[in-house]
Amino acid sequence: MRHFIRHPSDFPILVSSEESSNGDQASLCNISQGGLACQLPRAFSPGTAVTMYIPSLQPDYRISGRVTRCIPCAKGFRVGIQFNDKAESFKSRMVEQVCLIEHYRRELDPEGRVLDSEAAAQEWIARFGSQFAKSFSG
């Protein structure tokens, strides 16, 4: 049973471990307060300690976790990663919000609306900020 609401995402991330110190390119599938799921080209063993980076949004941002599952899928492996502690969970909440805002900004483009990141953040917070805050209040 899931303890946290997962929010979809579609951003490229890097996942590194002791075996892959340069990082493997991954596609972030979803993220929540407790962890994330991503698609990787190779398998990671459950229990493997990993560090994740989201260079397209916050180049210096790192979050650490541990692989909880690795399931074969059409384009490689869907890997579940649990964040290591509450501090990592809190940091993930901030990144999750940035991912959702960026996703919102990209969705506006087909409508012919183009917003910079700041304007998209202000609009998203006005429209969805209270719902996002409620999703973490137990």
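For clarity, every value in this text was computed on a predicted model and none was experimentally measured.

A. Molecular detail of the overall build of the protein chain. Within the protein chain one finds two helices and seven strands. Listing each helix as α and each strand as β along the protein chain from the N terminus yields β-β-β-β-β-β-β-α-α. Across the 138 residues that make up the protein chain, the buried fraction comes to 39%. In the protein chain, of all internal contacts separated by at least 6 residues, the share reaching a separation of at least 24 is 51%. In the structure as shown, the protein chain presents an accessible area of about 8200 Å², 52% of it carried by carbon and sulfur atoms.

B. View of the packing of aromatic side chains. Taken as a whole and assessed by the stated rule, the structure comprises two aromatic pairs. On the numbers, 6.1 Å between centres and 45° between planes, the contact of Trp 124 with Phe 128 is tilted. Remark: Phe 128 and Trp 124 occur in helix α2 (residues 117-134); sequence separation between them is four residues, near one turn of the helix. For Trp 124, a relative accessible area of 5% corresponds to the buried category. The structure contains a cluster of three or more aromatic residues connected by ring pairs, namely Tyr 104, Trp 124 and Phe 128. It is Arg 42 that lies over the ring of Phe 44; its NZ or CZ is 4.3 Å from the centre.

C. Quick peek at empty space enclosed by the protein. All chains considered together, the criterion is met by one cavity of 30 Å³ or more. The volume enclosed by the largest cavity comes to roughly 40 Å³. Along its surface, the largest cavity is lined by eleven residues, and Ile 31, Leu 36, Ile 54, Tyr 61 and Ile 63 are the ones closest to its centre. Mapped onto the lining of the largest cavity, the elements with two or more residues apiece are β5 (49-54), β6 (58-73) and α1 (86-108). The greatest single-element share of the lining of the largest cavity, amounting to three residues, is contributed by β5. In terms of residue class, the lining of the largest cavity is made up of ten nonpolar, one polar and no charged.

D. Molecular detail of the pattern of salt bridges. One pass over the full model with this rule turns up two salt bridges. In this structure, Arg 42 engages Asp 24 in a salt bridge whose closest nitrogen and oxygen atoms are separated by 3.1 Å. One end of the pair, Arg 42, is in the loop between β4 (35-40) and β5; the other, Asp 24, is in strand β3 (residues 24-31), and 18 residues separate them in sequence. The class of Arg 42 is partly exposed, set by a relative accessible area of 27%. Where Arg 113 meets Glu 123, a salt bridge forms, and the shortest distance between an N and an O atom there is 2.6 Å. Of this pair, Arg 113 sits in the loop between α1 and α2 while Glu 123 sits in helix α2, and the two are ten residues apart along the sequence. Its relative accessible area of 32% is what places Arg 113 among the partly exposed residues.

The rules behind the values
- The residue numbering used here restarts from 1 in each chain and proceeds along that chain's sequence as written.
- Local features in this predicted model are restricted to residues of pLDDT 70 or higher, and side-chain atom pairs are both shown and tallied only at a pLDDT of 80 or more, whereas totals for entire chains, interfaces and linings draw on every residue.
- With hydrogens and water excluded, all non-hydrogen atoms of the structure serve as input to the side-chain values.
- Helix and strand assignments follow DSSP, with helices taken as H or I runs no shorter than four residues and strands as E runs no shorter than two, numbered in order from the N terminus.
- Three labels apply to residues, based on accessible area from a 1.4 Å probe with only protein chains included: buried if under 20% of the type maximum, exposed if over 50%, partly exposed otherwise in between.
- Should any heavy atoms of two residues lie within 4.5 Å, those residues are counted as being in contact.
- Method for areas: the Shrake-Rupley scheme with a 1.4 Å probe, in which residue coverage is limited to the protein chains shown.
- Side-chain rings of Phe, Tyr and Trp (the six-membered ring for Trp) are treated as a pair once their centres are within 6.5 Å; stacked means planes under 30 degrees apart, edge-to-face means over 60, and tilted covers the remaining angles.
- Either the NZ atom of lysine or the CZ atom of arginine qualifies as a charge over a ring when it sits within 6 Å of the ring centre and within 35 degrees of the ring normal.
- Throughout, the protein atoms alone are placed on a 1 Å grid, and a set of points is a cavity if a 1.4 Å probe fits but cannot get out or a pocket if it is open with protein on both sides within 12 Å along at least five of seven lines; lining residues have an atom within 4 Å of a point.
- Grid points are joined across faces, edges and corners, and a volume is the space filled by probe spheres set on the points.
- Any residue outside Ala, Val, Leu, Ile, Met, Phe, Trp, Tyr, Cys, Pro, Asp, Glu, Lys and Arg is labelled polar, Gly included; the first ten of those are nonpolar and the last four are charged.
- A pairing counts as a salt bridge when a side-chain nitrogen of Lys or Arg comes within 4 Å of a carboxyl oxygen of Asp or Glu.

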